[in-house]
Amino acid sequence: MKLKKIAFFCIPAHGHTNPMLPVAAELVRRGNIVRFYSFDEFETKIKATNAEFVSCDRFLPELTKQEEAGLKKVSSTEMTIQDIRITLNMDSFLSEEFAAFQPDVVYTDAVCFWGKLNAWKHKVPLVVSVSTFAFNQLSSQYMKNSPKEMADMIFGLPRISKELEKLKPFGYHVNNALSLVQNDNSTDSVVYTSKFFQPYAESFSDHYAFVGPSVFSKARPQKTKERPLIYISMGTVVNDLPDFYRKCIEALKDLKVDVIISCGQNMEKKIPDKLPDNIKAYPYVDQLDILSKADVFITHCGMNSVSESLYMAAPMVLYPQTNEQAAVARRVTEINTGILLQTDTVAGIKAAVEEILGNASYAQNAEACSKDFRNCPGTAGAAEFIENAPHPSAGRDLLAELHIQSGKAQGIYWAIAAILMIPVGLLIGWRFVWMIGVAAGVLSYPIGQIMQRKIYQKITGTLGENHA
């Protein structure tokens, strides 16, 4: 097979960049040329894969204090707007790069707009790197947005629409932001999980490669030791949680366990100076190495962290901070490899850890998931999938079938609502007919969700036990 020139793109985020690194290393090992467009924070890691590193820091917009605060709070509106602005800043540069490098394939993170948009603009085969679950209209039901997050999205739409209009003069034509971030069944995509762990996996077409966790480590779980090991990490984004770390320390200091805390930069502001003898804290650790020995992982439920935990057969106490993390936490509880922290009090944390340690089923299920992950194609499978892009589609598109049948069901629903208006008008009075319309409108969403699940189960032959 002809060796390829592959352009990698990612947003400046560890959770999105890290799973792409082993894939880059594997592609280079196979003789391909990989040019990775990223940011100075990741230069050392990228160069370690032997890929070419191209710095994009100069294209990052200057942020107001309000915009910076929005990004720290993981505002979807602010992240979308900044992605659009970076795309505009990079337009001239990337046009020159595509003309000079002439990539055979673009491999870009799912929410990296400048990667996707330039692949479409320059008509280069696109493969998307999905660092979370693949989200379509079914699996996105796992995302439960808080009122605050809903308000952010609704009130942010005018700002996003205004920014999207700025893309058109540069040859980027986008109907809406959702079309840029939601997965569809016609785009080649690599997902770093297994079909078992992916919600509604059957609804995704054969354009999807579920390759399992993308990691460098070849280590295996090693759980034999004198005392249980508890590992605590809140990831690299929302980890400024000194009160939560303090509660964890208080909850675990008198248990016969060893504890390791990884809390990121500015550790002195998050962790007390004096720690109990059984607890150690560090800014950063080799997470896979720690997880290979850990018996419980207290986690924010980022997809990378959860994948690495299950890869190393470590059950979890789940403390999600965003709606995306809550979706991952929900799936973990469904397969009984962890429990949701019901209350972030000292007593609540202690009870959750003791529940995991005292119930062997959590560790057994985590071990089964570890075996499932290790049976996936891995980074070699991801590299081969990218090399052979674009991929033809030979299988069924279950989502398209679902759209058709759901549309018919919705038509029947509204026909019944219309028919009900006649007896209401005749018996009660025509001025009350509007009440049927309002009631039908209010009930259409929950009834539609139920009908959709029933239709999906019929199409796939599943019982829906993993999609509560």
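One can find the structure itself at the top, above this paragraph.
All values reported here derive from a predicted model rather than from experimental measurement.

**Describing the sheet that holds strand β7 (residues 208-210)**
- In space, the seven strands of this open sheet follow the order β3-β2-β1-β4-β5-β6-β7, with parallel pairing throughout. Both edges of this open sheet fall to β3 (52-55) and β7, since each of them pairs with a single strand only. Between one strand and the next, the sheet's axes are offset by a mean angle of 20°, whatever the strand orientation.
- Sheet topology places strand β1 (residues 5-9) next to strand β2 (residues 33-38); five bridges connect them, and they run parallel. Paired with F8 across the bridge in β2 is F36.
- Contacts from helix α5 (residues 76-101) reach β1, β2, β3 and β4 (105-109) within the one sheet, and its direction differs from that of β2 by about 175°.

**A word on the pattern of salt bridges**
- Under the criterion given, the structure shown has 20 salt bridges.
- Notably, a salt bridge pairs E26 with R30, separated by 3.5 Å at the nearest N-O pair.
- Relative accessible area serves as the criterion here: at 12%, E26 is assigned to the buried category.
- Residue class for R30 comes out partly exposed when judged on its relative accessible area of 29%.
- Between R35 and E97 there is a salt bridge, with its nearest N and O atoms 3.0 Å apart. Here R35, found in strand β2, pairs with E97, found in helix α5; they are 62 residues apart in sequence, far enough to count as distant. As far as the burial class goes, R35 and E97 line up, both buried.
- A single salt-bridge network, built from bridges that share partners, covers E26, R29, R30 and E387.

**Some words on the sheet that holds strand β10 (residues 279-282)**
- One open sheet accounts for six strands, arranged β10-β9-β8-β11-β12-β13; its pairing is parallel. The two strands at the open ends of the sheet, each matched to only one other strand, are β10 and β13 (338-340). Strand after strand, the sheet turns through a mean of 15° between neighbouring axes, direction not considered.
- Here strand β8 (residues 229-233) runs beside strand β9 (residues 258-262); their pairing, made up of five bridges, is parallel. Looking at the pairing, L229 lines up with D258 of β9.
- Strands in contact with helix α12 (residues 323-334) are β12 (316-318) and β13; relative to β13, the strand with the most contacts, it is inclined by about 130°.

**Quick look at the packing of aromatic side chains**
- Evaluated as defined, the whole model comprises 17 aromatic pairs.
- With a centroid separation of 6.0 Å and 80° between ring planes, the pair formed by F197 and F373 is classed as edge-to-face. Highlighted residues: F197 in the loop between β6 (188-191) and β7 and F373 in helix α14 (residues 360-374), separated in sequence by 176 residues. Across this residue pair, the class does not change: F197 and F373 are buried.
- Taking the centre distance of 4.2 Å and the plane angle of 15° together, the rings of F244 and Y319 count as stacked. Here F244 is found in helix α9 (residues 242-252), whereas its partner Y319 is found in the loop between β12 and α12, with 75 residues between them in sequence. Across the pair, Y319 and F244 agree in class, each one buried.
- Cluster of aromatic residues (ring-pair linked, three or more members): F9, Y37, F59, F93 and F98.
- The lysine or arginine in question, R330, covers the ring of Y142, its NZ or CZ lying 4.0 Å from the ring centre.
- Between R374 and the ring centre of Y311, over which it is positioned, the NZ or CZ distance is 3.9 Å.

**A short note on the nonpolar core**
- The biggest cluster of nonpolar side chains holds 55 residues, and the ones touching the most others in it are F8, F9, Y37, Y107, W114, V190 and I386.
- Sorting elements by how many residues they give to this core places α5 first, with six residues.
- Beyond its immediate sequence surroundings of up to four residues, F9 is in contact with M20, Y37, L94, F98, V106, Y107, T108, D109, C112, W114 and G115.
- Counting residues in each nonpolar core, the second largest holds 39 residues, with L229, L399, Y456 and I459 among its members.

So, how was this worked out
Residues numbered from 1 in each chain as written. Predicted model: local features only at pLDDT ≥ 70, side-chain atom pairs only at ≥ 80, totals over all residues. Heavy atoms only, no water. Pairing = 2+ DSSP bridges. Helix = DSSP H or I, 4+ residues; strand = E, 2+ residues; numbered from the N terminus. Axes fitted to C-alpha atoms, helices over the stretch in contact; angles between N-to-C directions. Contact = heavy atoms within 4.5 Å. Salt bridge = Lys/Arg side-chain N within 4 Å of Asp/Glu carboxyl O. Buried < 20%, exposed > 50% of the residue type's maximum accessible area, 1.4 Å probe, protein only. Phe/Tyr/Trp six-rings, centres within 6.5 Å; stacked < 30°, edge-to-face > 60°. Lys NZ or Arg CZ within 6 Å of the ring centre and 35° of its normal. Core = buried A, V, L, I, M, F, W, Y, C linked by side-chain atoms within 4.5 Å.

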